[in-house]
Number of protein chains: 2
Amino acid sequence: MTSTSAQNLVRTQGVTAPAGFRATGIAAGIKASGTPDLALVFNEGPDHAAAAVFTRNKVKAAPVLWTQQAITTRRLRAVILNSGGANACTGPGGFQDTHATAEAVAAALSDWGSETGAIEVGVCSTGLIGDRLPMAKVLAGVTVVVQEMAGGLSGGTEAATAIMTTDTVPKQVALHHAQDWTVGGMAKGAGMLAPSLATMLCVITTDAAVDADALDRALRAATARTFDRLDVDGSCSTNDTVLLLASGASEVTPDPDEFDAAILAVCDDLCAQLQADAEGMTKRIAITVTGAASEEDAVTAARVIARDSLVKTALFGSDPNWGRVLAAVGMAPVELEPDRISVSFNGSPVCIDGVGAPGARDVDLSGADVEVVVALGVGSGSATIRTTDLSHAYVEENSAYSS
Amino acid sequence: MTSTSAQNLVRTQGVTAPAGFRATGIAAGIKASGTPDLALVFNEGPDHAAAAVFTRNKVKAAPVLWTQQAITTRRLRAVILNSGGANACTGPGGFQDTHATAEAVAAALSDWGSETGAIEVGVCSTGLIGDRLPMAKVLAGVTVVVQEMAGGLSGGTEAATAIMTTDTVPKQVALHHAQDWTVGGMAKGAGMLAPSLATMLCVITTDAAVDADALDRALRAATARTFDRLDVDGSCSTNDTVLLLASGASEVTPDPDEFDAAILAVCDDLCAQLQADAEGMTKRIAITVTGAASEEDAVTAARVIARDSLVKTALFGSDPNWGRVLAAVGMAPVELEPDRISVSFNGSPVCIDGVGAPGARDVDLSGADVEVVVALGVGSGSATIRTTDLSHAYVEENSAYSS
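Residues numbered from 1 in each chain as written. Chains lettered and ligands numbered in written order. Predicted model: local features only at pLDDT ≥ 70, side-chain atom pairs only at ≥ 80, totals over all residues. Heavy atoms only, no water.

- An unreviewed UniProt entry annotates chain A as Arginine biosynthesis bifunctional protein ArgJ of Mycolicibacterium sediminis.
- If you open the UniProt record of chain A and go to Subcellular location (unreviewed entry), you find "Cytoplasm".
- If you open the UniProt record of chain A and go to Sequence similarities (unreviewed entry), you find "Belongs to the ArgJ family." (UniProt positions renumbered as here; feature names shortened; annotations may be inferred.)

### Here we look at the overall build of chain A
Here's step 1: Regarding its fold elements, chain A presents 10 helices and 16 strands.
Here's step 2: At 22 Å, chain A has a C-alpha radius of gyration in line with the 22 Å of a compact globule built from 403 residues.
Here's step 3: Buried positions account for 63% of the 403 residues belonging to chain A.
Here's step 4: Taking the contacts inside chain A whose residues are at least 6 apart along the sequence as the reference set, 81% of them involve residues at least 24 apart.
Here's step 5: As displayed, chain A has an accessible area near 13000 Å², and 50% of this comes from carbon and sulfur atoms. (Helix = DSSP H or I, 4+ residues; strand = E, 2+ residues; numbered from the N terminus. Rg over C-alpha atoms; globule rule 2.2 N^0.38 Å. Buried < 20%, exposed > 50% of the residue type's maximum accessible area, 1.4 Å probe, protein only. Contact = heavy atoms within 4.5 Å. Areas by Shrake-Rupley, 256 points an atom, 1.4 Å probe, with all protein chains shown as cover.)

### Some words on the side chain of D268 of chain A
Residue and element names in this part refer to chain A.
Here's step 1: The topology assignment puts D268 in helix 6 (residues 256-276).
Here's step 2: By relative accessible area, D268 is classed as buried at 2%.
Here's step 3: In terms of polar contacts, D268 uses its side chain to reach the side chain of R386, at 3.2 Å. (Polar contact = N/O pair within 3.5 Å; in protein donor to acceptor, adjacent residues only side chain to side chain.)

### Here we look at the relation of the copies chain B and chain A
Here's step 1: With an RMSD of 0.0 Å, the fit of chain B onto chain A corresponds to turning through 180 degrees and sliding 0.0 Å along the axis. The superposition of one copy onto the other is thereby described by a two-fold rotation axis. Proximity to the rotation axis, assessed at the C-alpha, singles out H392 of chain B in chain B; its C-alpha lies 2.8 Å from the axis.
Here's step 2: Mapped onto chain A, 100% of the interface residues of chain B again fall at the interface, so both copies present the same surface. (Least-squares fit on C-alpha atoms with pLDDT ≥ 70 in both.)

### Quick notes on a negative patch on the surface
Residue and element names in this part refer to chain A.
Here's step 1: On the surface, E335, E337, D339 and D353 cluster together into a negatively charged patch.
Here's step 2: Examined against the element boundaries, E335 turns out to sit in the loop between helix 9 (323-329) and strand 12 (342-345).
Here's step 3: A relative accessible area of 48% places E335 in the partly exposed class. (Patch = residues over 30% accessible without salt bridge, like charges linked within 9 Å, V, L, I, M, F, W, Y side chains within 5 Å. Salt bridge = Lys/Arg side-chain N within 4 Å of Asp/Glu carboxyl O. Lys, Arg positive; Asp, Glu negative; His and termini not counted. Charge placed at Lys NZ, Arg CZ, Asp CG, Glu CD.)

### Re the UniProt feature "binding site: substrate" (unreviewed entry) in chain A
Here's step 1: Listed under "binding site: substrate" (unreviewed entry) in the UniProt record, and renumbered for this structure, are T165, K188, T199, E279, N398 and S403 of chain A.
Here's step 2: Along the chain, E279 of chain A turns up in the loop between helix 6 and strand 11 (284-292).
Here's step 3: Since its relative accessible area comes to 5%, E279 of chain A is described here as buried.
Here's step 4: On the secondary structure map, N398 of chain A appears in helix 10 (residues 392-398).
Here's step 5: Not counting residues within four places of it along the chain, the set of residues in contact with N398 of chain A comprises E279 of chain A together with L310, T313, A314 and R324 of chain B.

### Some thoughts on the pattern of salt bridges
All names here are of chain A.
Here's step 1: Taken as a whole and judged by the stated rule, the model has 24 salt bridges over all chains.
Here's step 2: Notably, a salt bridge pairs D216 with R220, separated by 3.1 Å at the nearest N-O pair. Linking D216 with R220, this pair stays in helix 5 (residues 212-225), spanning 4 residues, or about one helical turn.
Here's step 3: Among the residues examined, D216 registers a relative accessible area of 25% and is labelled partly exposed.
Here's step 4: It is possible to trace a salt-bridge network through shared partners that takes in R75, R77 and E120.

So this is what it looks like as C-alpha cells:
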C-alpha cells in the first residue's frame, strides 16, 4: 500500500509540518474528563485551496452538513474540530450550533487580523451521537484556541491530541519531499471504523501549490485505497470527514504523480496508526483477496471476511480455523468457484482448492500481526482490507461507552 | 410472528409427534466428547413427499450438495444427521463419504424390511468445517442407529439431542391440529446463525396428506419469515438445511392456509428456541422496522441494525445508546429520511424525528428481552429480525472452538 515516498514519513510532526499552517488544541470543558477537546488548524496561505470527502452514511452529523456546504467554494481557511460530542441527530438546533461555531471562529480570526468568513471555516465533531454540544463552553473555547494558535507556530501535536475520543495515542505524520514541499496529517478514530472512511476525522495539510481540482483528485484516489479499506467493526459513523488543505507556501507545484503518491502515503500511514489503536485490538489483521474477477470484487470479498465475527473471534483466539474464512467468503456477492479457493495464514497454506491443507490446524497465529490471503482463482483483481480481531476488550469498551 | 395455531404448540415432543415417523439418536463416537452425535428420522409412510431449503452460501458442504440432488425427486424416506463434523470443504472425498453414508442407511433400512434407495436418504452434517468425518465410526453408527430406531417408536428427543453442537438444550416442538393432523420439528444451531437460514439443521415432519408442491410452498413461505429473519452473528453456514417430510399417515388433507400457518408456527417456535440458546446470548433482541418503503426494505434495514457490533455491544451493556441505531440504519441501502426516523426501546421513545427524546438515556434495558422499534416514516413496510447481544461469552466461545 505504501508508495516510494514512504521512506520520508515521520510521525513526530503532523498538520503544522508544511509551511503556512498553524494549529493547536485546548481543553474547553466539552469533555467531562477535562482532557483536550477543541482543535484548530489554520491555513495562512497564500493559497486556500481545499478538498474533502465525507461519510456515506445517510444520517449525517450537523458539522458534516455544514462542511459539505463550505467545501463547495473549494477553499477553506480554517478547520475547528471538537471531541466530546458528535453533534449528530441533534436537529436544526444542532446545525445552528455548528453554524455559530464557524461564525465565532471567523470572528476571532478576523479580530486577530486574518479576515475570515464563516463559510471559510470547516467544522468537525466526534463523540457521542444524540446530545447537543455545551455551546457556552464551545464558544468560549473558540476564543481561547484562536489566541493560543496566534501565539505559536507549531501546535500540530496539541491539535492531534484534542481530537482523540477512545484513541489512546494521537495520530500524525509528515512527509517531506526532496523538492521542498511537505504533506502533514492528523487523524482520530478507534471505533465505529468502517467502509465509508471510518469513524474518523482527518485533516491533511500541504504547502505545495496545488489547485482544488488536483487536491480533490488526489484525496479521492487516496481515501478509496486507504480509509475506505479500513474496517474494524463494520460500523460507519455519522461524522467521518477527511479534509485536505493547501497553503501554496512552498511555491512549488509538484509533479502530479508524486503529489498523489505523497497523499496516498500519508493516508496509508494514518490508517495504519488507526488500525493499531483500534478499540479492543489485540491483532492487526490484513485480509488480502487475490485472483478476483475485478478489484471491486476483491474489495467486496475481503470486506465480507474482515467483518465476519466468527473469523475475528477465531483470530483473537489465535485459532487457524480457516473454515470460517471459506464460510464467510462464500457469502460474498462476487464471482467465485468454491473448488478454486485457496487460503494462507501468515504465508502458510491452510486451504488449497477448497480443501484443507496438511498442517492447517497447526499454523501459529500467536503474533500481533496476521496476514490472511484468499486466492479466488477466477481473475486478476486484488485488494487488501485492514481490520482487527474481535476481543473481550472490544466488547468491554463498547458496552460501556455512553453511560 | 406466531400464528393462531400457536396455542397448540408443545415442546415436549418433536419429529415423532406426527404419525408415521420414527427417530432416534446415538453416540457413534464422531465427537471426541462421547456425547450423542448421530440421528435418524424415518418416514414409514404411506406418503414420502418432501421439500427442502438450503444455505445460500456458495461454499456448500458435501451433505448439502447430496441432499440437493436427493430432493429433486421430491420425496425422502429418511434423514441421517451427524454432529461432530460439517463435512464441508472436504473435496470429492467428502462427497463420497456423504454418498457412502446414504448408501449405508438405505442398506440398513432395506435389511430391516423397508426397501430404501440411497437417493431417498437426506444427509445433514454440522460441526467444524474442513475435516473429513471418521467414516468407520459413522458407518458403524448407521447400523446401530437403524437398529435403535427399529426397536422404538418415539425417539424424537434423542434425535434432537444428537444433532447438538454448541447448543445447550435440544430444540423441538409439536403442533397438534384439532382436525387430527400434526406437525413436529427439531432444530439445532447456536452460532454462525444468519440470513440464509442460520447455521442450522432443522427437520420438520407431518402426518398430513400433503403433496410435495404444497410442502415446498409452505416451507419456503415459513422459512422466509422465520429462519431467514434470525441473525445472531451475520455469519452464514455452509451446511444450513431445513427439511419437511410428510407421511400422510393421518389421512387428512388440511386446509392449505391452516397447514401453512402450522408450518410457520413450528418454524417460528424453533427460531425462538434457537435465539434463546444462541452462543453467548445474554439478551434476546427483536429489531422491528416499520414505515419502510417495502417489506424488503424493512428486512434489509432491520438486518443491518441487527448485525451492527456497536448496537449489539451497547445492548449487552444495557446502554440505551440509540445514536448507534441511527448510525447503523443510516448505512442501510434503503429509502430513508433521517429527519423522519423515530426509535423506541422497549416501548419508550428514545429518538423522535431524528432527534433524541427526553429521558432517552435513562431507559431501563437491564432485562433479558429488548425490543427495538425503528419507524422510518416513508411507507408501510415492516419486518422483525431476531438477534442477540454481543457479549464476552460470545467472544469466549468463538475464540476457542476448533482448537
